[in-house]
Amino acid sequence: MTRCLSTLLTLAMVPLSVLPVVAQEKIVIAHRGASGYLPEHSLPAKAMAYAMGADFIEQDLVLTRDDHLVVLHDLYLDAVTDVARVFPERRREDGHFYVIDFTLAEIRQLALTERLISKDGRLRPRFPGRFPPGQSSFRVSTFEEEIELIQGLNRSTGRNVGLYPEIKSPAFHRQAGRDLSRAVLDVLQSYGYTARDDRIYLQCFDPEELRRLRRELLPELGMDLKLVQLIAETKWETTLVYQDGQAVPYNYDWMQTPGAMTKIAAYADGIGPWMGMIVKMNATRGHLVFSALVKEAHAAGLVVHPYTFRAEKEALPPYAADLEDLLDIFYFQAGVDGVFTDFPDRAVNFLRKKQGA
């Protein structure tokens, strides 16, 4: 693994000047690392994203049974590891293998791979043109390991690449008797991320948890970090809240109504909306249709970092010819401040050319 990281840095290292974090700065956020090229959230994907010039690198965080923070997008292990082969008896009734049911030592036994989806009764890569599943060797990493990688690279390169951690499903963890947010803050504080001007955004889909962070946890720990409200479509059932012990989907509809950005600005510093909330999906190449979301967010003092920008044809909206066209529409026509992308090199190169760097 060390040789793999070294090779990636040697081949891909690109010098990049570090700008202050202000609303006008156009930033590139590596979505789960350079996940267009290597398995998502693997340490090699993070090293490659760093080398490609990303300004921030994302970490999705969940807890193990023995209270270790690991970097995984889902609450369960099914889609990106071989858990069904190694621990076939540990499946829950809903068919999933939950991270919180495994110790870190057990998770260390699993091979991390490209994301798989069920298609025609078989598991297949979500994006067939990406890194071949099952090839090479990757493992799930802890939050501490990833921070140490990024901080080590910051020291050795002189850059200041930031963290962009997500607190995943805090209500789920609370139902299991765990305080995910406090665990995340404890780690961040131990590595020196405590102040508003530190190179970090802390994101979450759950607005109640963000309010708790702003009003209770951060002041209690003497911390003041930038918070980002992620926004989903209600129908996706991205965030579950518990009523009388029953999980129900959180209703995000209010976040796209007039005045919502002012309400969000009372507890957050930015928003992370789905790109379809900014440019309507019925837009065409000759007729782009923009919502008022970016304008209203900026008026409320919020930065705007939409997700997720991918290069695959099937992932592009119909109004964009390619990834660079999509980036131009969002950075310079919609006016967003940054994007989450699986292909950080292409976003970095696009901004350099566009801005004459």
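Residues numbered from 1 in each chain as written. Predicted model: local features only at pLDDT ≥ 70, side-chain atom pairs only at ≥ 80, totals over all residues. Heavy atoms only, no water.

Here we come to the pairing of strand S10 (residues 246–249). Taken together, the four bridges between strand S9 (residues 240–243) and S10 define a ladder with antiparallel strand orientation. Each bridged residue has a counterpart across the sheet, and for Gln-243 the counterpart in S10 is Gln-246. (Pairing = 2+ DSSP bridges. Helix = DSSP H or I, 4+ residues; strand = E, 2+ residues; numbered from the N terminus.)

Helix H12 (residues 344–355) packs onto helix H11 (residues 323–334) with a crossing angle of 60 degrees between their chain directions and a minimal axis gap of 10 Å. Taken together, the axes of H11 and H12 are oblique relative to one another. Classified by chirality, the crossing of H12 by H11 is right-handed. Residue-level inspection shows Leu-323, Glu-324, Leu-327, Asp-328, Tyr-331 and Phe-332 of H11 in contact with H12, the latter providing Arg-346, Ala-347, Phe-350, Leu-351, Lys-354 and Gln-355. (Axes fitted to C-alpha atoms, helices over the stretch in contact; angles between N-to-C directions. Parallel < 35°, antiparallel > 145°, perpendicular 65-115°, else oblique. Left-handed = near helix turned anticlockwise from the far one by under 90°. Contact = heavy atoms within 4.5 Å.)

Before going further, it helps to spend a moment on the packing of aromatic side chains. Within this structure, the stated rule accounts for 17 aromatic pairs. With a centroid separation of 5.8 Å and 75 degrees between ring planes, the pair formed by Tyr-76 and Tyr-98 is classed as edge-to-face. Taken as a pair, Tyr-76 in the loop between strand S3 (69–71) and helix H3 (83–86) and Tyr-98 in the loop between H3 and helix H4 (104–107) lie far apart in primary sequence, 22 residues in all. Judged by centre distance (6.3 Å) and plane angle (85 degrees), the ring pair of Phe-205 and Tyr-307 falls under edge-to-face. Residue Phe-205 is located in the loop between strand S7 (201–204) and helix H8 (207–221), and its partner Tyr-307 is located in the loop between strand S12 (303–304) and H11; the two are separated by 102 residues in the primary sequence. Here Phe-205 and Tyr-307 have matching classes, each one buried. Of the aromatic side chains, those joined through ring pairs into one cluster are Phe-56, Tyr-164, Tyr-201 and Phe-340. A cation over a ring is seen here: Arg-92 above Tyr-98, with NZ or CZ 4.2 Å from the ring centre. (Phe/Tyr/Trp six-rings, centres within 6.5 Å; stacked < 30°, edge-to-face > 60°. Buried < 20%, exposed > 50% of the residue type's maximum accessible area, 1.4 Å probe, protein only. Lys NZ or Arg CZ within 6 Å of the ring centre and 35° of its normal.)

What follows is about the environment of Val-294. Summarising the element assignment, Val-294 is placed in helix H10 (residues 293–299). With relative accessibility at 6%, the residue Val-294 sits in the buried group. Linking Val-294 and Val-70, residues 224 residues apart in sequence, is a C-alpha distance of 33 Å. If sequence neighbours within four positions are ignored, Val-294 has contacts with Ile-278, Val-304, Ala-334, Gly-335 and Val-336.

Evaluated as defined, the whole model comprises four cavities of 30 Å³ or more. For the largest cavity, the full set of lining residues is His-31, Arg-32, Ser-35, Glu-40, Glu-114, Arg-115, Arg-126, Phe-127, Arg-130, Arg-310 and Asp-342. (1 Å grid on protein atoms, 1.4 Å probe; cavity = no way out; pocket = protein on both sides within 12 Å on 5 of 7 lines; lining within 4 Å. Points joined across faces, edges and corners; volume = space filled by probe spheres on them.)

Another point: the pattern of salt bridges. One pass over the full model with this rule turns up 27 salt bridges. In this structure, Glu-145 engages Arg-108 in a salt bridge whose closest nitrogen and oxygen atoms are separated by 2.8 Å. A residue pair is termed long-range when its members are at least 10 positions apart, and Glu-145 in helix H5 (residues 143–157) and Arg-108 in the loop between H4 and strand S4 (116–119) qualify at 37 residues. Under the relative-accessibility criterion, Glu-145 is labelled partly exposed at 29%. By relative accessible area, which is 33% here, Arg-108 ends up partly exposed. We note a salt bridge from Asp-179 to Arg-182, for which the minimum N-O separation is 3.7 Å. Here the salt bridges do not stand alone but share partners, grouping Arg-174, Asp-179, Arg-182, Glu-209, Arg-212 and Glu-220 into one network. (Salt bridge = Lys/Arg side-chain N within 4 Å of Asp/Glu carboxyl O.)

Here strand S11 (residues 270–273) shows a buried face lined by Gly-270 and Gly-272 and a second buried face lined by Ile-271 and Pro-273. The sheet contact formed by strand S8 (residues 226–231) and S11 spans four bridges and is parallel. Residue Val-228 lies in a different strand from S11, and its bridge partner there is Gly-270. Direction of pairing for S11 relative to S12: parallel, over a ladder of two bridges. If you follow Ile-271 over to S12, its bridge partner there is Val-304.

Next up on the list: the layout of surface pockets. The computed volume of the largest pocket comes to approximately 1200 Å³. If you go around the largest pocket, you meet 44 residues; those closest to its centre are Arg-32, His-73, Lys-168, Phe-205 and Thr-238. Going through the elements one at a time, strand S2 (56–63), S4, strand S6 (162–167), helix H6 (170–175), S7 and S9 are the ones with two or more residues in the lining of the largest pocket. Considered class by class, the residues forming the lining of the largest pocket number 24 nonpolar, seven polar and 13 charged. (Nonpolar A, V, L, I, M, F, W, Y, C, P; charged D, E, K, R; others polar.)

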